[in-house]
Amino acid sequence: MTFTLPAQISWYKCISGKIDKHPVIMHLHKQQHQYSGYYYYQSTQQPVYFSGEDTSVAGKIKLYAFLPNRETDENLVFSISDKSVTGEWSNTSLKKKLNFSGSEIIQQPAWDYVFTSATSPLRAKNNDSPVASYEAAAVWPKGNSAQAQFIKQKIAAWFTKENTKEDIGKIFLKEKKRFFDNYKKEYSDVSDDDLKQYSYSYNMDQTQEVNVVFQSPKLLTLGSYFYAYTGGAHGNHGYNYVSIDLSKNRQLTIDDVLTKDGQKKLQPLLEKYFRKSYGLKSTEALSKGGLFENKIEPNDNFYVTAKGICFDYQPYEIGPYAMGEISIFIPFTELSPWLKPEFKKLL
């Protein structure tokens with residue numbers, strides 16, 4: 001098990017830089033040799049999720065960006081020296097390479113990054129025993145200000161149903177133990193012969209991480225990714241988001257962002273930008289793009305940046321599992337007349 005690791009093994013960094021001449025922000029989270037997070041161009045502030053590692057290219061971090069309705073073809077390969085970043089952005093399908101450079105910046109709130117990872121065999125004395133795997137990671141605000149305490153409550157709620165003020169590390173340990181105990185209890189009556197014959201189907205995985213998606217002086221968006229495999233053809237996964245008004249320490253609802261008339265504009269705009277991402281003509285049915293129905297309703301799983309709002313739909317919510325997560329970003333230029341005055345002050 002790894003837990004509360006030294007800074008060089010586990011950390012969060014916010015990097016302000018440029019791809020070619022275009023300003024970008026990157027929220028980079030490290031767990032040993034694995035990385036995840038988001039980057040966005042300042043001109044649009046539409047976050048792009050990435051993951052990666054530092055083992056395939058000596059002395060460098062390699063990230064793979066995940067783009068809507070496209071196979072992964074954007075890569076970032078770079079090194080970090082002190083607080084400086086130098087490297088390269090590339091798009092393999094476009095056969096294009098650009099310089100990437102930047103430096104680490106410290107924003108408020110500042111963050112620690114904590115994670116734990118462990119496995120537990122179902123039958124300890126069986127060398128071929130199925131196993132359960134548990135991983136959890138989260139940014140955690142430094143200090144104990146009212147703002148830090150509010151954010152900590154929001155993060156903790158993603159990992160436990162208990163109303164607690166415990167440190168995230170202690171929450172991870174409790175949840176890990178609970179997960180392993182439940183695993184062994186659930187399969188306690190399964191015979192050793194069945195375990196040997198159907199070993200894979202008795203494996204169990206649970207992964208959850210909370211990362212910074214967007215941060216500005218007055219706005220913060222956090223994203224929680226979860227994956228769970230409890231048997232069957234595949235696991236379940238998805239993202240949940242929360243956006244926070246840092247000036248008042250409160251979670252934003254859609255009523256905080258848009259007027260009622262503005263909310264009525266969301267359905268046609270969601271359909272417009274889905275079509276744009278998935279290459280559908282305005283005359284073509286949304287079902288041709290893979291959706292279950294020919295409409296897209298806004299849901300409660302949304303987040304904001306200073307330049308747009310994104311609605312996220314988990315697998316099976318509006319489309320089949322094969323489509324994966326569907327995220328639809330609407331720039332505020334489409335909604336400007338209907339933004340709430342108090343919300344505009346945060347932008």
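Model, not experiment: these values are computed from the prediction.

The rules behind each value
Residues numbered from 1 in each chain as written. Predicted model: local features only at pLDDT ≥ 70, side-chain atom pairs only at ≥ 80, totals over all residues. Heavy atoms only, no water. Helix = DSSP H or I, 4+ residues; strand = E, 2+ residues; numbered from the N terminus. Rg over C-alpha atoms; globule rule 2.2 N^0.38 Å. Buried < 20%, exposed > 50% of the residue type's maximum accessible area, 1.4 Å probe, protein only. Contact = heavy atoms within 4.5 Å. Areas by Shrake-Rupley, 256 points an atom, 1.4 Å probe, with all protein chains shown as cover. Lys, Arg positive; Asp, Glu negative; His and termini not counted. Charge placed at Lys NZ, Arg CZ, Asp CG, Glu CD. Expected span 1.5 Å × (residues − 1). Pairing = 2+ DSSP bridges. Axes fitted to C-alpha atoms, helices over the stretch in contact; angles between N-to-C directions. Phe/Tyr/Trp six-rings, centres within 6.5 Å; stacked < 30°, edge-to-face > 60°. Polar contact = N/O pair within 3.5 Å; in protein donor to acceptor, adjacent residues only side chain to side chain.

Caption draft 1: Structural view of the overall build of the protein chain. Within the protein chain, the regular secondary structure consists of 7 helices and 18 strands. Its C-alpha radius of gyration of 21 Å places the protein chain within 12% of the 20 Å reference for a compact globule of 347 residues. By principal-axis analysis of the C-alpha atoms, the protein chain measures approximately 65 × 50 × 50 Å. Burial analysis of the protein chain (347 residues in total) assigns 49% to the buried set. Nonlocal contacts in the protein chain, meaning residues at least 24 apart in sequence, comprise 51% of its contacts between residues at least 6 apart. Summing over all exposed atoms, the protein chain offers an accessible surface of approximately 17,600 Å²; the carbon and sulfur share of this is 49%. Of note, the protein chain has its 42 positive side-chain charges centred 6 Å away from the centre of its 38 negative side-chain charges.

Caption draft 2: Broad picture of helix H6 (residues 266-278). Here H6 is 13 residues long and its end C-alpha atoms lie 18 Å apart, about the 18 Å a rise of 1.5 Å per residue gives. What H6 keeps buried is the set Leu266, Leu269, Leu270, Glu271, Tyr273, Phe274, Arg275 and Tyr278. In this structure, the buried side of H6 is in contact with helix H4 (254-257), helix H5 (260-264), strand S17 (308-313) and strand S18 (326-331). With its phi angle positive at about 65 degrees, Gly279 sits one or two positions after the end of H6.

Caption draft 3: Local environment of the sheet that holds S17. The strand order S16-S17-S18 describes an open sheet built from 3 strands, whose pairing is antiparallel. The open sheet has two edge strands with one neighbour each: strand S16 (302-304) and S18. Shown here is a sheet whose adjacent strand axes are inclined to one another by a mean of 20 degrees, direction ignored. The sheet contact formed by S17 and S18 spans 6 bridges and is antiparallel. Within the sheet, the bridge partner assigned to Asp312 lies in S18 and is Ser327. Packing against the sheet, H6 makes contact with S17 and S18, and its axis sits at approximately 115 degrees to S18.

Caption draft 4: Summary view of unusual backbone geometry. Here the residue pair Gln108 and Pro109 is connected by a cis peptide bond, since its omega of 5 degrees sits within 30 degrees of zero. As for its position among the elements, Pro109 is in the loop between strand S9 (96-105) and strand S10 (111-121). We note that Asp82 has phi near 55 degrees; this positive angle belongs to a residue other than glycine. Here Asp82 is to be found in the loop between strand S7 (74-81) and strand S8 (84-91). The phi dihedral of Lys95 is positive, around 55 degrees, even though this residue is not glycine. Its location among the elements puts Lys95 in the loop between S8 and S9.

Caption draft 5: How the structure looks around the packing of aromatic side chains. Inspection of every chain in the model, using the stated rule, returns 20 aromatic pairs. Ring centres of Tyr49 and Tyr239 lie 5.6 Å apart, and the angle between their planes is 65 degrees; this geometry places the pair in the edge-to-face category. Taken together, the positions of Tyr49 in strand S5 (residues 48-53) and Tyr239 in strand S14 (residues 236-245) put the pair 190 residues apart, joining distant regions of the chain. For the pair Tyr49 and Tyr239, a shared accessibility class is recorded, and that class is buried. For the pair Tyr187 and Tyr202, a centre-to-centre distance of 5.1 Å together with 90 degrees between the ring planes defines the contact as edge-to-face. Note that Tyr187 is positioned in the loop between helix H2 (168-186) and helix H3 (192-197) and Tyr202 in the loop between H3 and strand S12 (204-215), a separation of 15 residues in sequence. Each member of the pair Tyr187 and Tyr202 is classed as buried. Three or more aromatic residues joined by ring pairs form one cluster here, namely Tyr38, Tyr49, Phe66, Tyr225, Tyr239, Tyr241 and Tyr303.

Caption draft 6: Looking closely at the environment of Lys95. On the basis of relative accessibility, which here comes to 79%, the residue Lys95 falls in the exposed class. Spatially, the C-alpha atom of Lys95 lies 9.7 Å from that of Asp73, the residues being 22 residues apart in sequence.

Caption draft 7: Inspection of the environment of Tyr241 at higher detail. When you line up the elements, Tyr241 lands in strand S14. Relative accessible area serves as the criterion here: at 10%, Tyr241 is assigned to the buried category. The sequence separation of Tyr241 and Gln42 amounts to 199 residues, and the corresponding C-alpha distance is 20 Å. When residues no more than four places from it in sequence are discounted, the contact partners of Tyr241 are Tyr38, Trp158, Val213, Thr221, Leu222, Gly223, Asn301, Phe302, Tyr303 and Asp312. One polar contact links Tyr241 to Tyr38, side chain to side chain, over a distance of 3.5 Å.

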